[in-house]
Amino acid sequence: MLRTPENTLLRGPRVLLRRWRADDRGPLAELNADPVAMQHFPAPLTRSESDALADRIEAHFDMHGFGPWALEIPDVAEFAGLVGLMHVGFEAHFTPAVEIAWRLAPALWGKGYVSEAAHCAFDFGFRALHLSQIVAFTIPANLRSLAVMQRLGMHTDVQDDFLHPRLPVNHPYRMHRLYRMDRQAWLTRACS
Ligand SMILES: CC(C)(COP(=O)(O)OP(=O)(O)OC[C@H]1O[C@@H](n2cnc3c(N)ncnc32)[C@H](O)[C@@H]1OP(=O)(O)O)[C@@H](O)C(=O)NCCC(=O)NCCS
């Protein structure tokens, strides 16, 4: 398993992906409590649920050497959200797999920050971690997230739609759409 330095920093033209600091927990909790940011999740998170998520992110970095990074936008926001890579934590037809995840403060939507950060995360996943594929998924109503997947050039197939096993059987958000990016496709695209 490739281990990355504790302080891994990925930089795009406008964004910076970094390891988490203790003082990120407050703004992370604000983001996770925001009804707009969380509208496509089962519910906003309480402070303790948000802190538990931060703990799981740290544990993922400790175990795998990568994870969802804290997203900083220099001169704009020291903490804007999260973008990064993590092992899918449930079983489905496409697992084991590494997913790319993103969550951005709504005031910063519509400026391309997440697409830029996801570009850095893909480069890291395919070039440094040598992953063969990275997936992303969300509910069909989450048009902004689907647009990021499409903007990045990820591909989808209706046969990959799946019922999220962590949601109750009749939950309205159970159906998820899966997008995939293959290493070869990314490297070819990045070099073109
Ligand atoms: C999903 C989410 C991250 C998308 O945020 P976003 O701001 O729409 O995505 P980006 O940062 O890539 O920005 C893209 C937008 O910026 C615009 N843009 C401006 N400059 C740009 C640039 N340099 N590059 C790319 N896009 C740019 C694009 O046209 C697009 O605008 P549009 O929505 O009007 O078409 C955000 O809605 C979010 O955090 N949602 C809540 C959490 C969530 O649902 N996460 C996903 C769960 S799987």
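The present account deals with the structure reproduced in this document. Starting afresh in each chain, residues are numbered from 1 along the sequence in its written order. pLDDT decides what is reported in this predicted model: residues at 70 or higher carry local features, side-chain atom pairs at 80 or more are listed and counted, and totals for whole chains, interfaces and linings draw on all residues regardless. Remark: hydrogens and water are excluded; side-chain values derive from all non-hydrogen atoms of the structure.

1. Focus: the nonpolar core
Then step 1. For this analysis, a nonpolar core means a set of buried residues of the types Ala, Val, Leu, Ile, Met, Phe, Trp, Tyr and Cys, connected via side-chain atoms within 4.5 Å. Burial classes: relative accessible area under 20% of the type maximum marks a residue as buried, over 50% as exposed, and values in between as partly exposed (1.4 Å probe, protein chains only). In terms of nonpolar packing, the biggest core is built from 49 residues, with Leu71, Leu85, Ile100, Trp102, Phe122 and Met154 touching the most fellow members.
Then step 2. Considering each element in turn, this core owes the most residues, nine residues, to helix α3 (residues 113–128).
Then step 3. We call two residues in contact whenever any of their non-hydrogen atoms come within 4.5 Å of each other. Beyond its immediate stretch of four places on either side in the chain, Leu71 contacts Val15, Leu16, Leu17, Glu78, Phe79, Ala80, Gly81, Leu82, Val83, Leu104 and Ala117.
Then step 4. Formed by eight residues, the second largest nonpolar core is a distinct cluster that contains Phe90, Ala97, Val135 and Phe137. In this description a helix means any DSSP run of H or I spanning at least four residues, a strand means any run of E spanning at least two, and both kinds are numbered starting from the N terminus.

2. A few points about the side chain of Arg103
Then step 1. Looking at the secondary structure, you find Arg103 in strand β5 (residues 98–104).
Then step 2. Lacking a salt bridge, the buried Arg103 has Glu99 as its closest oppositely charged neighbour, with an N-O distance of 8.5 Å.
Then step 3. A polar contact of 2.6 Å, which involves the side chain of Arg103, links it to the side chain of Asn32.
Then step 4. If near-sequence neighbours (up to four positions away) are discounted, Arg103 is found in contact with Leu31, Asn32, Met38, Phe41, Leu45, Leu53, Ala80, Gly81 and Leu82. Under the counting rule used here, the positive set is Lys and Arg, the negative set is Asp and Glu, and His together with the chain ends is not counted. The salt bridge criterion pairs a side-chain nitrogen of Lys or Arg with a carboxyl oxygen of Asp or Glu, the two atoms within 4 Å. Counted as a polar contact is a pair of N or O atoms within 3.5 Å, where, for protein atoms, one must be capable of donating a hydrogen and the other of accepting one, and residues adjacent in sequence contribute only when both atoms are in side chains.

3. Brief notes about the packing of aromatic side chains
Then step 1. Side-chain rings of Phe, Tyr and Trp (the six-membered ring for Trp) are treated as a pair once their centres are within 6.5 Å; stacked means planes under 30 degrees apart, edge-to-face means over 60, and tilted covers the remaining angles. This model, assessed by the stated rule, comprises eleven aromatic pairs.
Then step 2. An aromatic cluster is built from Phe90, Phe94, Phe137 and Phe162, whose rings are joined through pairwise contacts.
Then step 3. Sitting above the plane of the Phe41 ring, Arg103 keeps its charged end 4.5 Å from the centroid. Throughout this description, the term charge over a ring refers to an Arg CZ or Lys NZ atom that lies within 6 Å of the ring centre and within 35 degrees of the ring normal.

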